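Report on the structure
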Amino acid sequence: MGLKIKALGMLCLLVALQTELVSAMQSSNIKVFKMNAFFQAWQGVAVDREKIYVTSDRDIHFRLSNSISVYDKKGRFLSETREAYTGTDAKGRFMSFGDCFIQNNYLYIAVYNFNAAPPENQRESRIIQYKLPDLHIVNEYQIGDGTAESLAYYKNSFWVVYHDRNKVKQFDTSFRFLRSYFLESKFGREGGYQGIFFMGDDLYANLHGSNKFNEKYAQGLDHYHFDGRTFKFVERIKPPTYGAGQGIELFNNTVYWADRPGNQIVMTPGFRLLLIEQN
C-alpha cells in the first residue's frame, strides 16, 4: 500500500510539473518582438549566435519583393537588405523567398515561383546561398520541381520540405538529390510545411497558418521520428500563437517562430516544448 501511495504521489507531482510547464509556456516564457516594418515576418527565420535573420517576399505595400531583415538577440532592428534576390524562373517569373537556415556562416534561403502563379507542372525551386555577415550571394542551386519552403541540416545532408508536396527530400552538401521520403500527415486548406528543424533523429515541421487574423489558428507543428528508413508521424503540437504558421528554427534550446499575421517573431524555450508534447 505504501508503494502505491508513493507511486501515486510521484505521478501527481509529474502531472503538476507538466501543468506548470504548459502554463509557463502560454504566458511568461513566450517572448515576442515585432518587426520594424509591415510584412517583414511574412516567410522565415534563421538564427546564429548574435543575430536573427527574417525573410519576406513582400514589401511594405504588399508587392512581391524579397528582403532579409536582421535583428539582434534582443529583438532590436539592425538592417534590411531589400531586393535581396531578383532572379526569375525559366520563363522570367518572380521567385519568392521561403524560409531560411544558417550553416557554417552561410545563410541558405529556399525560393520558388509559386506566387507567380505558374501551372502546377511548371513550379520550380532553388536554394540561394548567402555569405554572412555581408549577405552576398555565393551560390544558387537548382533543386527541381515543387514549392520548396524550408531546409535543415542533418546527418551530413540538407533536407527540404514543400508547400505542395507531402515529402521531405534529402540532398548532399552541393544540393545534389539523394532521396525522397514520404510524410504521412495531412495538410489543411492553408497548405503544407513552411519550416523545419531536426532535434536528434526527430523532425519537426511547421504547417502553413492563416495569412491574417480571424481566419483559423495555425495548423500545427508535426513531429516525426526518423528510423533511418522512414519518417514515422508522432504527433501534432499546437503553436504558441495564432499566427505562428510560417518558418521555424531551433537554436540553443529556443524555438523561433515566424508569425505572419502578427508580423512578429515568437520565441519559446525548446526543452519546455519537448516536455509539453509528452502530455
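Here the structure is a predicted model, which is why all the values come from computation and not from measurement. (Residues numbered from 1 in each chain as written. Predicted model: local features only at pLDDT ≥ 70, side-chain atom pairs only at ≥ 80, totals over all residues. Heavy atoms only, no water.)

1. A word on the overall build of the protein chain
Counting its regular elements, the protein chain contains two helices and 20 strands. Classification of the 279 residues of the protein chain by burial places 55% in the buried group. Long-range pairs, those at least 24 residues apart, make up 47% of the contacts in the protein chain with a sequence separation of at least 6. As presented, the protein chain carries roughly 13,300 Å² of accessible surface, and 52% of it is formed by carbon and sulfur atoms. (Helix = DSSP H or I, 4+ residues; strand = E, 2+ residues; numbered from the N terminus. Buried < 20%, exposed > 50% of the residue type's maximum accessible area, 1.4 Å probe, protein only. Contact = heavy atoms within 4.5 Å. Areas by Shrake-Rupley, 256 points an atom, 1.4 Å probe, with all protein chains shown as cover.)

2. Section: the nonpolar core
General note: in soluble globular proteins, nonpolar side chains tend to be found buried as a group. Formed by 17 residues in total, the largest nonpolar core has its most connected members in Y53, I68, F97, L107, I109, Y130 and L135. Of all elements in the fold, only β4 (64-72), β6 (96-103), β7 (106-112) and β8 (124-131) reach the threshold of two or more residues within this core. Non-local contacts of L135, meaning those with residues more than four positions away in its chain, are made with Y53, I68, V70, T81, L107 and Y130. Membership of the second largest hydrophobic core comes to 16 residues, among which are Y154, Y193, I196 and F231. (Core = buried A, V, L, I, M, F, W, Y, C linked by side-chain atoms within 4.5 Å.)

3. Some remarks on the sheet that holds β6
The strand order across the open sheet built from four strands is β6-β7-β8-β9, with neighbouring strands paired in antiparallel fashion. Looking at the sheet topology across the chains shown, the edges are occupied by β6 and β9 (136-145). Along the sheet, successive strands turn relative to each other by an average axial angle of 20 degrees, direction set aside. Here seven bridges tie β7 to β8, and the two strands are oriented antiparallel to one another. (Pairing = 2+ DSSP bridges. Axes fitted to C-alpha atoms, helices over the stretch in contact; angles between N-to-C directions.)

4. Some thoughts on the pattern of salt bridges
Enumeration over the complete set of coordinates arrives at 12 salt bridges. Across the pair D145 and R165 runs a salt bridge whose closest N-O atoms are separated by 3.9 Å. Here D145 is found in strand β9, whereas its partner R165 is found in the loop between β11 (157-162) and β12 (167-171), with 20 residues between them in sequence. Here R165 ties to D164 by a salt bridge, and the two come within 3.1 Å at their closest N and O atoms. Taking relative accessible area as the criterion, R165 reaches 17% and is therefore assigned buried. (Salt bridge = Lys/Arg side-chain N within 4 Å of Asp/Glu carboxyl O.)

5. Quick look at the side chain of Q40
Locating Q40 in the fold gives a position in the loop between β1 (31-34) and β2 (44-47). A polar atom in the side chain of Q40 sits 2.4 Å from the side chain of Y71. Ignoring anything within four residues of it in the chain, the contact list for Q40 reads M35, V54, T55, S56, S69, Y71, F77, E80 and N263. (Polar contact = N/O pair within 3.5 Å; in protein donor to acceptor, adjacent residues only side chain to side chain.)

6. Quick word on the sheet that holds β12
Here four strands make up an open sheet; going across it, the order is β10-β11-β12-β13 and the pairing antiparallel. Two strands bound the open sheet, and with one partner strand each, they are β10 (148-154) and β13 (177-182). Mean inter-strand twist for the sheet, computed between neighbouring axes without regard to direction, equals 25 degrees. With six bridges joining them, β10 and β11 adopt antiparallel strand pairing. Among the inter-strand pairings, A148 is bridged to a residue of β11, identified as Y162.

7. Some points on the environment of F77
Along the chain, F77 turns up in strand β5 (residues 77-82). For the pair F77 and M35, spaced 42 residues apart in sequence, the C-alpha separation works out to 7.8 Å. Dropping the residues within four chain positions of it, F77 is found in contact with N36, Q40, V70 and Y71.

8. Details of the pairing of β11
Across the six residues that make up β11, a large majority, six, are buried. Side chains S157, W159 and V161 project from β11 onto one buried face, and the interleaved F158, V160 and Y162 project onto a second face that is buried too. Between β10 and β11, which follow one another and run antiparallel, lie two residues, and K155 among them has a positive phi close to 55 degrees. In sequence, β11 turns back onto β12 through a hairpin of four residues.

9. Notes on unusual backbone geometry
Following L132, the chain continues to P133 via a peptide bond in cis, the omega torsion being 10 degrees. Even without glycine at this site, F175 takes up a positive phi of about 60 degrees. Structurally, the position occupied by F175 is in the loop between β12 and β13. With a relative accessible area of 4%, F175 lands in the buried category. Despite not being glycine, N252 has its phi angle at roughly 50 degrees, a positive value. Mapped onto the secondary structure, N252 falls in the loop between β18 (248-251) and β19 (254-259).

These values are about where atoms sit, not about what they do.
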